[in-house]
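Here are the chains, one letter per residue:
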Amino acid sequence: MSYNIAVIVGSLRKESFTLKIANALTKLAPDTLKLNPVTLYDVSFFNQDLEATPPADWLAFREKLQKSDAILFVTPEYNRSIPGVLKNAIDVGSRPPGKSSFLGKPIGIISNSPGPLGGVSAAKHLQNILPGISGPILGQPETYLNGVGDAFDEKGNLTKEPLQKVLQQYLVAFAAFVDRQSKIAA
Ligand SMILES: Cc1cc2nc3c(=O)[nH]c(=O)nc-3n(C[C@H](O)[C@H](O)[C@H](O)COP(=O)(O)O)c2cc1C
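Quick caveat, the model's predicted, so the values are computed rather than measured.

Another point: the overall build of the protein. Assigned secondary structure in the protein consists of 5 helices and 5 strands. Along the protein, from the amino end to the carboxyl end, the secondary structure elements read β-α-β-α-β-α-β-α-β-α. Radius of gyration (C-alpha) of the protein: 16 Å, near the 16 Å computed for a compact globule of 186 residues. With the principal axes as the frame, the protein shows a C-alpha extent of 50 × 35 × 25 Å. Looking at the protein residue by residue over its 186 residues, the buried ones come to 46%. Within the protein, contacts between residues separated by at least 24 positions form 76% of all contacts whose residues are at least 6 apart in sequence. About 9300 Å² of surface is accessible on the protein, with carbon and sulfur atoms providing 53% of the total. Across the protein, the 19 positively charged side chains and the 16 negatively charged ones have centroids separated by 2 Å.

Here it is as structure tokens:
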């Protein structure tokens, strides 16, 4: 059994560490997970006035979520929370009311920072935001990657071995979690 995982990338920056981590995860994933990075460049601002006739980009983003078996958030921390683009995408995906595209989907969260705290506050804020609109959230292993600034080579490959190990361990736990939750839901 193989599961499709939408990996939501919480940064728009071209040289984003978050994007590089998402790409590294696709390579480190076990055979049972197919990871598809989803960037947020094209998700326009949520505006409740547009809900009756949602823009095509909202529908396309919601469809990517709906087609996935589970969602993995990879996010940096902005001012001790998640970046606005990520909150906007969550708002878009959460609507219409009661029909969130995250509903029932097992959720993973990996935060990161070049700083010492690994974006832990961003991860904690996601844990606050999601429960009303998503499926269950994997609690352990808590994964807040610090010191990501020197973790990649010039081609963007993850070269810092301790981080590779942490990500591999996370993916093993996430794969088991997704499998377990999917069987419970079936
Ligand atoms: C507006 C803004 C706020 C930030 N706030 C934090 C913060 O609260 N904690 C932190 O660890 N890093 C913070 N940073 C630094 C980011 O971790 C750093 O810019 C990182 O490279 C962003 O992720 P990215 O490489 O995926 O774009 C902030 C950066 C910006 C631009």
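There is more to say after this.
Interaxial distance between helix α2 (residues 56–66) and helix α3 (residues 84–94) falls to 9 Å at its minimum, and their mutual angle equals 80 degrees. It follows from the interaxial angle that α2 and α3 lie roughly perpendicular. Where α2 approaches α3, its residues W58, F61, R62 and L65 are matched on the opposing element by A89, V92 and G93. Looking at the contact of α2 with α3 residue by residue, the classes come out as 5 nonpolar, 1 polar and 1 charged.

Counted by the stated rule, this structure contains 8 salt bridges. Residue R80 is joined to E77 by a salt bridge in which the shortest nitrogen-to-oxygen separation is 2.5 Å.

This part covers the pairing of strand β2 (residues 33–38). The sheet contact formed by strand β1 (residues 3–9) and β2 spans 6 bridges and is parallel. Bridge pairing in β2 places I5 opposite L35. At this point the chain moves from β1, through helix α1 (residues 17–28), to the parallel β2, and the crossover so formed is right-handed.

Turning our attention to the site of the ligand. Taken together, the neighbourhood of the ligand is formed by S11, R13, S16, F17, T18, P76, E77, Y78, N79, R80, S113 and P114. R13 places a polar side-chain atom, nitrogen or oxygen, 2.7 Å from an oxygen atom of the ligand. Here an oxygen atom of the ligand and a backbone polar atom of F17 are 2.9 Å apart. Protein burial of the ligand: of its 620 Å² of free accessible surface, 70% is covered by the chains. A class-by-class count of the residues in the shell around the ligand yields 4 nonpolar, 5 polar and 3 charged.

Looking now at the pairing of strand β4 (residues 107–112). Taking burial as the measure, the 6 residues of β4 include 6 buried ones, the bulk of the element. Alternating residues of β4 divide into I107, I109 and S111 and G108, I110 and N112, and every residue in both groups is buried. For strand β3 (residues 70–76) and β4, the ladder comprises 6 bridges, and the chain directions are parallel. Within β4, the residue paired with L72 across the bridge is G108. The parallel pair β3 and β4, bridged by α3, forms a crossover whose chirality is right-handed. With 2 bridges joining them, β4 and strand β5 (residues 144–145) adopt parallel strand pairing.

Scoring rules and cut-offs
- Residues numbered from 1 in each chain as written.
- Predicted model: local features only at pLDDT ≥ 70, side-chain atom pairs only at ≥ 80, totals over all residues.
- Heavy atoms only, no water.
- Helix = DSSP H or I, 4+ residues; strand = E, 2+ residues; numbered from the N terminus.
- Rg over C-alpha atoms; globule rule 2.2 N^0.38 Å.
- Buried < 20%, exposed > 50% of the residue type's maximum accessible area, 1.4 Å probe, protein only.
- Contact = heavy atoms within 4.5 Å.
- Areas by Shrake-Rupley, 256 points an atom, 1.4 Å probe, with all protein chains shown as cover.
- Lys, Arg positive; Asp, Glu negative; His and termini not counted.
- Charge placed at Lys NZ, Arg CZ, Asp CG, Glu CD.
- Axes fitted to C-alpha atoms, helices over the stretch in contact; angles between N-to-C directions.
- Parallel < 35°, antiparallel > 145°, perpendicular 65-115°, else oblique.
- Nonpolar A, V, L, I, M, F, W, Y, C, P; charged D, E, K, R; others polar.
- Salt bridge = Lys/Arg side-chain N within 4 Å of Asp/Glu carboxyl O.
- Pairing = 2+ DSSP bridges.
- Right-handed = clockwise from strand over helix to strand, strands pointing away.
- Near = heavy atom within 4 Å.
- Polar contact = N/O pair within 3.5 Å; in protein donor to acceptor, adjacent residues only side chain to side chain.

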